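Now for the letters of each chain:
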Amino acid sequence: MAEPPTSSPAFDGRAFARHLADVSHAWTVAMEAADIDAVVVPAGNAGFYYQDDIAPPFRPNPGFAQWVPDDGTEHCLLVYRPGEKPRLFFHQEADYWHLPAAVPDWADAEFQVEVGGDADALAVAAIAAAARAGRVAYIGPPGDVPGNAERVAVNPDALTVRLQYARAYKTDFEIAAVRRATDIGVAGHLAARDAFFDGASELDIHFAYLNASRQTDAGLPYPNIVAQNEHAGVLHYQHRDPHPPSKRRSFLIDAGGRHLGYASDITRTYSARGDTFAELIDALDEKQRALIDGIRPGISYVELHERMSRSIGELLARFGLVRCEADTAFEAGITDVFFPHGLGHLLGLQTHDVGGWLAAPDGRVSPPPERYPALRLTRRVEPRQVFTIEPGIYFIPQLLGLAAKAPYAGEIAWPAVESFLPCGGIRVEDDVLVTDDGCENLTRPAFAFHRREPAEA
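Computed from a predicted structure; not experimentally measured. (Residues numbered from 1 in each chain as written. Predicted model: local features only at pLDDT ≥ 70, side-chain atom pairs only at ≥ 80, totals over all residues. Heavy atoms only, no water.)

K.L.:
Explain the sheet that holds strand β12 (residues 386-389) to me, please; I cannot follow it from the model alone.
P.N.:
Strand-to-strand pairing in sheets goes through backbone hydrogen bonds, with the strands running parallel or antiparallel. On the basis of which strands lie adjacent, the open sheet formed by three strands has the order β12-β15-β16 and antiparallel pairing. This sheet does not close on itself; its edge strands, each paired only once, are β12 and β16 (439-441). Neighbour-to-neighbour, the strand axes of this sheet turn through a mean angle of 35 degrees, independent of strand direction. In terms of strand pairing, β12 meets strand β15 (residues 430-434) through four bridges, oriented antiparallel. In the strand pairing of β15, Thr388 is matched with Asp431. (Pairing = 2+ DSSP bridges. Helix = DSSP H or I, 4+ residues; strand = E, 2+ residues; numbered from the N terminus. Axes fitted to C-alpha atoms, helices over the stretch in contact; angles between N-to-C directions.)

So, in C-alpha cells, the structure goes:
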C-alpha cells in the first residue's frame with residue numbers, strides 16, 4: 001500500500017513471469033488430465049447492441065485475461081502448447097475512427113507475438129497453429145469459433161472444470177493485483193462516505209467515488225451499488241437518484257476497484273447519526289471481524305456461513321428484533337429473513353469468480369444446502385484462495401411480508417423491525433486471502449493506511 005491509488009505502478013515483469021509459469025503449469029496439468037494437446041483461448045469481442053453500431057464496453061474472456069492481463073485485447077487470441085512459449089495473436093487494425101490497440105510493452109518477453117489487422121484471419125491462423133499439435137480445445141465464447149475449427153473441441157467439460165477449479169488458487173502476481181484493486185476501491189469509498197455526510201445525492205456520491213478512485217463506469221469491476229435509506233434494502237440496487245433524500249437516514253455502498261483485470265469487492269454501511277441503527281452497524285461489523293479472525297484452512301465455507309447466521313441471530317435478539325432466543329431464531333429460519341444471501345464468493349478475474357461449487361478438479365460439485373440456495377461458495381477453505389466475507393442484516397418488505405405469514409411470525413418483534421424499515425439494511429464486506437495458518441484481511445489495512453476507517457463502520 002505504499003503508493004497512492006491515483007498513481008500507476010510499474011508493471012512487475014519478474015512477478016508476471018513467475019505468474020505465467022504457475023499458470024502454464026496449472027493449464028498443463030488440466031490439459032493432460034483432459035487429453036488435450038493444445039488450447040486456443042480468444043479474448044472475445046464486445047459485439048454491437050441489437051440493430052446498432054455501438055457496443056458495450058469490452059471485457060476479455062477471463063481465461064484469456066489470466067494469461068494476458070490487459071483490456072485492450074479485443075479479437076486477440078492465445079495459443080498454448082505445453083513445453084512451448086505461448087503464442088499471442090494480437091489484433092491491431094488500421095483505423096482512424098478509433099485508436100488501435102497497442103501490444104503491451106511486456107508481451108514480447110513472454111509470448112511469441114504475431115500482429116494482424118484482420119480479426120477473422122487472425123482467428124483462422126490461431127486455430128491452424130494449434131491444430132498441428134493434435135487434440136485441440138477452444139476455451140472461450142462459442143459464438144466466436146472460426147470456420148476452420150471443425151475438429152476442435154469447444155469448451156470441453158473435462159478441461160473447463162479443471163481450469164475453473166484451479167482459478168481459486170491465486171499466484172503472487174494475482175494477489176498483488178487484488179491488493180492494488182483494493183487500494184483503488186478504498187480511495188473511492190472514503191470519498192463516497194464524505195459525500196454522503198455532506199448531503200450528496202446517490203448520483204453525486206457515485207461521481208465522487210469514480211473521481212477519487214480514478215475509474216470510469218466501464219472500468220469498474222461491477223456496477224456500483226450506491227443506496228440511501230430504504231434503497232439499502234435492495235440487495236443489488238441499480239439506480240442512482242440524482243436528488244438527495246428529504247431526510248438522510250442511512251447509506252450503503254458496495255463498490256470495488258479493478259487492476260490488471262482483477263477485482264476488489266467492498267461494502268460499507270453508515271448511519272446519518274449516532275442512533276440505534278448505527279449501533280447495529282457496529283455490532284455487525286464486530287461479528288464480521290470475529291468471523292474473519294477465526295478462518296483457518298480446512299474449514300468448510302458452508303460452516304462459515306452458518307456461524308455468521310447464528311451470530312446474526314444473536315444480534316436480532318440483542319437489539320430486540322425477535323422475541324425468542326438467538327438459537328431459536330436460527331433454528332426456526334428467522335435469521336434467513338434478515339440475511340437472505342450467501343456469506344460471500346470467490347474473487348479474482350471476475351467479481352463472482354467461477355468454481356465456487358466445485359468439490360474436486362474433476363468437476364464433482366458440492367451444491368449449497370437447500371436452506372442456503374444463494375450461497376455462491378461451498379468449497380473447503382484452502383491457502384491462496386481469495387474470497388469475500390459479507391454478512392448483512394436487511395429490512396426488506398417483500399421478505400418481511402412472507403415472514404408475517406410464517407409459523408414463526410409471532411417470534412418477530414414487528415414494531416422494532418418496522419422502525420428500521422426506512423434504513424433499508426446493513427452490509428459489511430471485506431476481501432480475505434487464506435494463508436497457511438489463517439487468513440489475511442486485504443480490505444481493512446487499506447482503510448488503515450489512509451487512517452480513515454470510521455469507527456461506526
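After that view of the structure, there is still more to cover.
K.L.:
Got a minute to help me understand the layout of surface pockets in this structure?
P.N.:
Over the atoms, a rolling probe the size of a water molecule traces out where space has been left empty. Approximately 730 Å³ is the volume found for the second largest pocket. Of the residues in the lining of the second largest pocket, the class split is eight nonpolar, eight polar and six charged. (1 Å grid on protein atoms, 1.4 Å probe; cavity = no way out; pocket = protein on both sides within 12 Å on 5 of 7 lines; lining within 4 Å. Points joined across faces, edges and corners; volume = space filled by probe spheres on them. Nonpolar A, V, L, I, M, F, W, Y, C, P; charged D, E, K, R; others polar.)

K.L.:
Sorry if this is basic, but what is going on with the packing of aromatic side chains here?
P.N.:
The final tally for this structure, using the stated rule, is 17 aromatic pairs. Here the aromatic cluster, defined as three or more aromatic residues joined through ring pairs, consists of Phe11, Phe16, Trp106 and Phe173. The ring of Phe196 has Arg248 lying over it, and the distance from NZ or CZ to the ring centre is 5.1 Å. (Phe/Tyr/Trp six-rings, centres within 6.5 Å; stacked < 30°, edge-to-face > 60°. Lys NZ or Arg CZ within 6 Å of the ring centre and 35° of its normal.)

K.L.:
Looking at this structure, how should I read helix α8 (residues 276-293)?
P.N.:
Because each turn of an α-helix spans 3.6 residues, side chains separated by three or four positions in sequence point in the same direction. Between the first and last C-alpha of α8 there are 26 Å, a value that for 18 residues agrees with the 26 Å anticipated at 1.5 Å per step. All of the buried residues in α8 are Phe277, Ala278, Leu280, Ile281, Ala283, Leu284, Asp285, Lys287, Gln288, Leu291 and Ile292. Looking at where α8 begins, the residue whose side-chain oxygen comes 3.3 Å from the main-chain nitrogen of Phe277 is Asp275. (Expected span 1.5 Å × (residues − 1). Buried < 20%, exposed > 50% of the residue type's maximum accessible area, 1.4 Å probe, protein only. Polar contact = N/O pair within 3.5 Å; in protein donor to acceptor, adjacent residues only side chain to side chain.)

K.L.:
Just checking my understanding: could you explain the environment of Asn441 for this structure?
P.N.:
Position of Asn441 relative to the elements: it lies in strand β16. Classification of Asn441 as buried rests on a relative accessible area of 15%. It is 20 Å that separates the C-alpha atoms of Asn441 and Glu306, two residues lying 135 residues apart in sequence. A polar contact of 2.8 Å, which involves the side chain of Asn441, links it to the backbone nitrogen of Thr443. Within the structure, Asn441 has its side chain in polar contact with the backbone nitrogen of Arg444 (distance 3.1 Å).

K.L.:
I'm lost on the pattern of salt bridges in this one. Help?
P.N.:
Opposite charge on two side chains allows them to pair when their charged atoms are near. In the structure shown here, the tally under the stated rule is 23 salt bridges. Between Arg193 and Asp194 there is a salt bridge, with its nearest N and O atoms 3.7 Å apart. Here the residues in one salt-bridge network are Arg268, Asp285, Arg289, Asp430 and Arg444, joined through shared partners. (Salt bridge = Lys/Arg side-chain N within 4 Å of Asp/Glu carboxyl O.)

K.L.:
Would you mind showing me how to read the nonpolar core here?
P.N.:
Side chains that are nonpolar tend, in soluble globular proteins, to be buried together. In this structure, Phe338, Phe387, Ile389, Ile393 and Phe395 are the most contacted members of the largest nonpolar core, which totals 49 residues. Of all the secondary-structure elements, those providing two or more residues to this core are α8, α9 (301-318), α10 (326-331), α11 (334-338), β12, α12 (397-403), α13 (414-420) and β15. Apart from the residues within four sequence positions on either side, Phe387 is in contact with Ile295, Tyr301, His345, Leu346, Leu347, Leu377, Val381, Asp430, Asp431, Val432 and Val434. Counting 29 residues, the second largest nonpolar core, distinct from the first, contains Val39, Phe64, Trp67 and Leu78. (Core = buried A, V, L, I, M, F, W, Y, C linked by side-chain atoms within 4.5 Å. Contact = heavy atoms within 4.5 Å.)

K.L.:
Looking at this structure, I do not really get helix α4 (residues 119-131). What am I missing?
P.N.:
Over its 13 residues, α4 runs 18 Å from end to end, which matches the ideal 18 Å to within 8%, given 1.5 Å per residue. Those residues of α4 lying buried are Leu122, Ala123, Ala126, Ile127, Ala129 and Ala130. Looking straight down α4, one finds its buried side chains confined to an arc of 160 degrees; they lie on one side. Those residues of α4 that are buried lie in contact with β1 (38-42), β2 (77-80), β3 (87-91), β4 (112-116) and β5 (136-138). Measuring from the backbone nitrogen of Asp120 back to the side-chain oxygen at the start of α4 gives 3.0 Å, which picks out Asp118 as the cap. (Arc of directions from axis to C-beta.)

K.L.:
How should I be thinking about the side chain of Asn61 in this particular structure?
P.N.:
Topologically, Asn61 is positioned in the loop between β1 and α2 (62-65). For Asn61, the side chain forms a polar contact with the main-chain nitrogen of Gly63, separated by 2.9 Å.

K.L.:
Would you explain the environment of Asp157 in this entry?
P.N.:
Mapped onto the fold, Asp157 is located in helix α5 (residues 157-166). The exposure class assigned to Asp157 is exposed, which follows from its relative accessible area of 59%. With 190 residues separating them along the chain, Asp157 and Leu347 place their C-alpha atoms 22 Å apart.

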